[in-house]
Each structure stands twice: as structure tokens, then as C-alpha cells.
Amino acid sequence: RTLARTLPTDHALFVGNSMPIRDVDMYAGNGGADVPVAANRGASGIDGVLATAIGYAAGLQRPTTLVIGDLSLLHDLNSLSLLRPGAPPVTIVVINNEGGGIFHLLPIAGYDHLFEPYFGTPHAWRFTPIAAAFGLATAQPTTAAELTAALQTAYAGQQHTLIELHTERNANADLHRTLQAAVRSALAAA
């Protein structure tokens, strides 16, 4: 919701697969700028997302924000080398929950002995130092106000930027369930 309300009118949005596209669909709301929005599906749904977003920005010749999950970014880290000076600036908002957060919403999450090694796909990567090594500006906001400020700084600076949001997979799944229950309750009361 913060991102949708912060995007400038001359920008574009590219939404990664898995939880990012679902979260944007469910929670972005309206009232933000009317910008072009795109997404794609890779062979596994998560590969090539960064490269595609960079190509999308180049094709549109406008600054673009990518919302991407941590596993998608891990699958396409080498595409950070495509973010060159002079190209339309890409702001990467990576949701780092240290693994496949979407799978916590499935029944398999109740089977701990199978879940973590095969579905949770845990990792301990931090993307900020990797992005800095590629010469990108970085930020690690922890609140909505800090995210707004980081986005505004990225947009004003007209440079490639990676904004890393750390979340916790179980808490994220609980929040989704709470929000969905609230929506169901509001609809039933209407």
C-alpha cells in the first residue's frame, strides 16, 4: 500500500511472482498514480524476474520499481550487472523473509519435518551488501514511514536502488490470515 501511494506518475511498476503479486493485488488499494504495471511467469515462476524488469524499464524508457521476493532475486542475482549508469533507474524492493514465505499459507506448513527443507527453503542472505557491491544505492527500512522515505530518496536520486525489507515468514502468514478474516467479516456484515 505504501509503495502504491508513493509511485510517481512518470514511473512504472513491475511485480514479481509468488507473494509480491498476490500482496499487490490484495492490498495495494487505490488512490496511487496511474502507472503501467507488468509481471511475468518464468519456467519456475521465479527465475528471470529482475532481468525482465530491467528490460521493461528500458523498453518503456521510464523509471521502474520492481517488487520481488528473496528467492526470485537469488535466482537472478547476476542480472544486477545489467543496472548500468544512464539506463532508466530501477528501484528494487526485495521482500526478504529468508525463504519461501508463500508456502507458509499452505497446509504443508503443518508438517515441520518436511516443510523447512523442501518448501521453506531457508537462507541467510542479505541483499544490501550484494547490491552495494554492484554500485547500487541501498536502504533497509523497518517501518512504513521509513519505506516511504527510502522510496522518495530513490525516486529523487534517479539512481538504481535496492530497498531490502526484512520480514518473518510465520508472522507474515499470520498477518495474511488475520487480514483475510477481517475482509470476510466486513463482507459478511455488509
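See above for the structure.
Below is a short write-up of the structure. (Residues numbered from 1 in each chain as written. Predicted model: local features only at pLDDT ≥ 70, side-chain atom pairs only at ≥ 80, totals over all residues. Heavy atoms only, no water.)

1. Re the sheet that holds strand β4 (residues 90–96)
Then comes step 1: If you walk across this open sheet you meet the 6 strands as β2-β1-β3-β4-β6-β5, and the pairing is parallel. Bordering the open sheet on either side are β2 (37–38) and β5 (137–139), each of which pairs with just one other strand.
Then comes step 2: Two elements, strand β3 (residues 64–69) and β4, share 6 bridges in a ladder whose sense is parallel. Across the sheet, the residue bridging to Val67 is Val93, located in β4.
Then comes step 3: Packed onto the sheet, helix α3 (residues 49–60) meets β1 (12–15), β2, β3 and β4 and runs at close to 170 degrees relative to β3. (Pairing = 2+ DSSP bridges. Helix = DSSP H or I, 4+ residues; strand = E, 2+ residues; numbered from the N terminus. Contact = heavy atoms within 4.5 Å. Axes fitted to C-alpha atoms, helices over the stretch in contact; angles between N-to-C directions.)

2. Topic: unusual backbone geometry
Then comes step 1: For Gln61, which is not a glycine, the phi torsion comes out positive at approximately 55 degrees.
Then comes step 2: Topologically, Gln61 is positioned in the loop between α3 and β3.

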